[in-house]
Amino acid sequence: PGHKATRFAKWFQNTSGAMYYIQYQKNFEPYVLVERRGLPWFWSGFRGFGFNKQSWFYDLDACEYEFAVLRDAYVFHVG
């Protein structure tokens, strides 16, 4: 459920512009690229798996940040 907001069918179609906007959804937990200046603080005390990024994205949504998906880019986790 953490990546449903990405709308992968749209990403795979590859017919959007360079990016497309998405709506925040509960438990959203994407990999992101952001400029640090002005962002809400991310509590570094989280350790291990679970809810660290989810709570931060909840804060971003509450601060009315917009979320977008880059069309021609992807990130994956190894290890």
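Note on numbering: residues in each chain are counted from 1, in written sequence order. For a predicted model such as this one, the threshold for reporting local features is a pLDDT of at least 70, and the threshold for listing and counting side-chain atom pairs is 80 or more; totals across whole chains, interfaces and linings nevertheless cover every residue. In computing side-chain properties, one takes all heavy atoms of the structure into account and sets aside hydrogens as well as water.

**Student:** Outline the environment of Trp56, listing residues and values.
**Tutor:** Secondary structure elements are defined from DSSP: runs of H or I of at least 4 residues count as helices, runs of E of at least 2 residues count as strands, and each element is numbered from the N terminus. The residue Trp56 is located in helix 2 (residues 52-62) in this model. Considering only alpha carbons, one finds Trp56 and Phe28, 28 residues apart in sequence, at a separation of 9.7 Å. If we skip the residues at most four places from it in the chain, Trp56 touches Val32, Val34, Leu39, Pro40, Trp41 and Phe42. Contact between two residues is taken to exist if any of their heavy atoms lie within 4.5 Å; hydrogens are not considered.

**Student:** Please give an account of unusual backbone geometry that cites residues and values.
**Tutor:** Even without glycine at this site, Asn27 takes up a positive phi of about 70°. Take Asn27: it is sitting in the loop between strand 1 (19-22) and helix 2. With phi around 65°, Glu64 is a residue other than glycine that occupies positive phi space. Along the chain, the position of Glu64 falls in the loop between helix 2 and strand 2 (67-70). Its relative accessible area of 70% is what places Glu64 among the exposed residues. Only protein chains enter the accessibility calculation, which uses a 1.4 Å probe. A residue is then buried if its area is under 20% of the maximum for its type, exposed if over 50%, and partly exposed in between.

**Student:** Could you give an account of the packing of aromatic side chains, naming the residues involved and the relevant values?
**Tutor:** Classification of ring pairs rests on two measures: the distance between centres of Phe, Tyr or Trp rings, Trp counted by its six-membered ring, which must be within 6.5 Å, and the angle between planes, read as stacked under 30 degrees, edge-to-face over 60 and tilted in between. Scanning the model with the defined rule gives five aromatic pairs in all. Aromatic pair Phe28 and Phe57: ring centres 5.9 Å apart, planes at 50°, arrangement tilted. With Phe28 in the loop between strand 1 and helix 2 and Phe57 in helix 2, this residue pair connects regions lying 29 residues apart in the sequence. Here the two residues Phe28 and Phe57 agree in accessibility, since each one is buried. Ring plane angle 50° and centroid distance 6.1 Å describe the contact between Phe57 and Phe67, whose orientation is recorded as tilted. Of this pair, Phe57 sits in helix 2 while Phe67 sits in strand 2; the two residues are ten residues apart in sequence, bridging distant segments of the chain. Its relative accessible area of 2% is what places Phe57 among the buried residues. Owing to a relative accessible area of 9%, Phe67 belongs among the buried residues under this scheme. Among the aromatic side chains, those forming a connected cluster through ring pairs are Tyr24, Phe28, Trp56, Phe57 and Phe67.

Geometric descriptors of this kind do not, in isolation, establish any biological role.
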